[in-house]
Amino acid sequence: MDYISAREAAQQWKISQRRVSVLCSEGRIKDAVMVGNMWIIPSDAKKPEDARSTRKKSEPQSTLRPFLKWAGGKGQLLSEIRKRYMSALDSSITKYAEPFVGGGAVLFDIIGKHDFKEIYISDINSELINAYKVIRDNVEQLIAELSVMQESFLPLESEERKVFYYKARDEYNAIKINGNASENQRKAVLMIFLNRTCFNGLYRVNSKGLYNVPMGDYKKPLICDKENLLAVSSALKNVEIVCGQFTDSESFIDEHTLVYFDPPYRPLNVTSNFTSYTETAFDDEQQKRLATYIDRLASKGAKIIASNSDPKNVDPNDDFFDRLYSKYKIERVEASRMINSKAESRGKISEILVTNF
Ligand SMILES: C[S@@+](CC[C@H](N)C(=O)[O-])C[C@H]1O[C@@H](n2cnc3c(N)ncnc32)[C@H](O)[C@@H]1O
């Protein structure tokens, strides 16, 4: 069989080389083969019919999952949230917004299940948003650089791994503090590398904004999850990705929009006060601001789902959210919290789901 490169196929079919790679990784080009980091394609292969469509309803999306482990990630609560969003999805809903996207567990779950015409995601964490944009716009180079890091890191002994990890962390912090836009690609590569190899997969910064998580001890971390990165890149193609406040989503949201809000948890007690996704905190005043914002969007006709911690886990008399969201449906569902690194404090607790439909 004769083969051509992905670049040649891209020229013949008048689509981008990246799109050709995505089609190959989705198994939509028969007999395409990966050689090293490159796809090669039988020279008589036909351009898939819908090669230019970016989101295909029938695409298998089971491989689509968050590319970062993120504190507060909704993996645990996903089936409960899914039950609710499925009941909201009808033909009137054509838009989806997730203003506190984090690792995007719900985003990547919902994205293949409904034919959204427009999707908006945002987060206040500029590093996270940079990673989303790099994956959307330049995934090939990201994969190439991450593969090099993986191949260099995995064969090392534990002491050598430490040297490698802390060098990567220093480089990341140097770019984070003093870097310019030309280093955004490298910053995303380092962020994913650190997230995959650090202790507990956390993103946490100190008061100076420096990423300070120590190395983890995974034997064989999957640093470059190529298949998922390509699938994520493809799924993000037409998504509006914004670094900003949750309220920046206001002009996007209308009566055709389903919105999922997953703000930082209201801390259950002082020791569980995890507020270090960024250098700014999300206190009770912010929770109230969010509730007022939700009221505004609900009166526009948007369908809303919001999740949070349940203060009643530690104080049965604490009805903060019951009062804040008294006009909506409030349900308590079971989840196991993973924020605290101590195994004994990861028991089952209830969390709150608020819906207006
Ligand atoms: C609980 S996490 C979201 C987790 C996400 N659902 C997941 O599956 O990974 C909350 C997110 O809100 C972001 N955030 C905090 N304050 C914000 C604000 N004022 N506006 C927008 N995003 C904010 C944090 O950076 C964090 O990523």
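Please read these numbers as outputs of a predicted model, since none were measured by experiment. (Residues numbered from 1 in each chain as written. Predicted model: local features only at pLDDT ≥ 70, side-chain atom pairs only at ≥ 80, totals over all residues.)

Caption draft 1: Just the overall build of the protein chain, in detail. Counting its secondary structure elements, the protein chain contains 11 helices and 10 strands. Pairs at least 24 apart in sequence give 71% of the contacts found in the protein chain among residues at least 6 apart. (Helix = DSSP H or I, 4+ residues; strand = E, 2+ residues; numbered from the N terminus. Contact = placed C-beta atoms within 7 Å.)

Caption draft 2: Looking closely at unusual backbone geometry. Of note, the phi angle at K14 is positive, near 60°, even though the residue is not glycine. Among the structural elements, K14 can be located in the loop between helix 1 (6-13) and helix 2 (17-25). Taking the number of C-beta atoms within 10 Å as the measure of exposure, K14 has 9 and is therefore exposed. Phi angles above zero are rare outside glycine, and N200 is one such case at about 65°. Relative to the elements of secondary structure, N200 occurs in the loop between helix 8 (184-197) and helix 9 (226-236). Among the residues examined, N200 registers 14 C-beta atoms within 10 Å and is labelled partly exposed. (Buried ≥ 20, exposed ≤ 12 C-beta atoms within 10 Å, placed from the backbone.)

Caption draft 3: Summary view of the environment of W13. Position of W13 relative to the elements: it lies in helix 1. For the pair W13 and K47, spaced 34 residues apart in sequence, the C-alpha separation works out to 6.2 Å.

Caption draft 4: Inspection of the sheet that holds strand 3 (residues 38-42) at higher detail. The three strands lie next to each other as 1-3-2, forming an open sheet whose pairing is antiparallel. Lying at the two open borders of the sheet, with one neighbouring strand each, are strand 1 (3-5) and strand 2 (33-35). Between one strand and the next, the sheet's axes are offset by a mean angle of 40°, whatever the strand orientation. Strand contacts of helix 1: strand 1 and strand 3, with the helix running at about 85° to strand 1, the strand carrying the most contacts. (Pairing = 2+ DSSP bridges. Axes fitted to C-alpha atoms, helices over the stretch in contact; angles between N-to-C directions.)

Caption draft 5: Expanded view of the packing of helix 6 (residues 139-153) against helix 8. Between helix 6 and helix 8, whose axes approach to 10 Å, the crossing angle comes to 45°. Taken together, the axes of helix 6 and helix 8 lie oblique to each other. As for the relative orientation of helix 6 and helix 8, their crossing is right-handed in sense. Counted together, Q141, L142, E145, L146, M149 and F153 of helix 6 and Q185, A188, V189, I192, F193 and T197 of helix 8 form the full contact between these two elements. Tallied by class, residues from the contact of helix 6 with helix 8 come to eight nonpolar, three polar and one charged. (Parallel < 35°, antiparallel > 145°, perpendicular 65-115°, else oblique. Left-handed = near helix turned anticlockwise from the far one by under 90°. Nonpolar A, V, L, I, M, F, W, Y, C, P; charged D, E, K, R; others polar.)

Caption draft 6: Molecular detail of the site of the ligand. For the ligand, the set of nearby residues contains 23 residues, the closest of which are G72, F100, G102, G103 and A105. Its residues placed into classes, the shell around the ligand shows 11 nonpolar, nine polar and three charged. (Near = placed C-beta within 6 Å.)

Caption draft 7: Looking closely at the packing of helix 6 against helix 9. Running from amino to carboxyl end, helix 6 crosses helix 9 at an angle of 160°, the nearest separation of the two axes being 10 Å. Relative to helix 9, the element helix 6 lies roughly antiparallel. Of the two possible hands of crossing, helix 6 and helix 9 adopt the one that is right-handed. Of helix 9, the residues touching helix 6 (which contributes V139, L142 and I143) are K226, L229, L230 and S233. Its residues assigned to classes, the contact of helix 6 with helix 9 shows five nonpolar, one polar and one charged.

Caption draft 8: Representation of helix 5 (residues 126-137) within the structure. In this model helix 5 runs 16 Å from its N-terminal to its C-terminal C-alpha over 12 residues, within 8% of the 16 Å that 1.5 Å per residue would give. Along helix 5, the positions that sit buried rather than exposed are E127, L128, N130, A131, Y132, V134 and I135. Among the structural elements, strand 5 (118-123), helix 6, helix 7 (158-178), helix 8, helix 9 and strand 6 (239-243) are those in contact with the buried residues of helix 5. (Expected span 1.5 Å × (residues − 1).)

Caption draft 9: Focus on the confidence of the model for the protein chain. Mean pLDDT over the protein chain works out to 88, with 88% of the residues at or above the 70 mark. Considering only residues more than four positions removed or in separate chains, one finds that residues 51-61, a stretch of pLDDT under 50, has 15 contacts. Considering only residues more than four positions removed or in separate chains, one finds that residues 338-345, a stretch of pLDDT under 50, has 10 contacts. (pLDDT = per-residue confidence, 0-100.)

Caption draft 10: Geometry of the environment of E240. Looking at the secondary structure, you find E240 in strand 6. A residue is classified by how many C-beta atoms lie within 10 Å of it, and E240, with 13 of them, is partly exposed. Sequence separation of E240 and E118 is 122 residues, and the distance between their C-alpha atoms is 8.0 Å. Look past the residues within four positions of E240 in its chain and what remains in contact with it is I119 and Y120.

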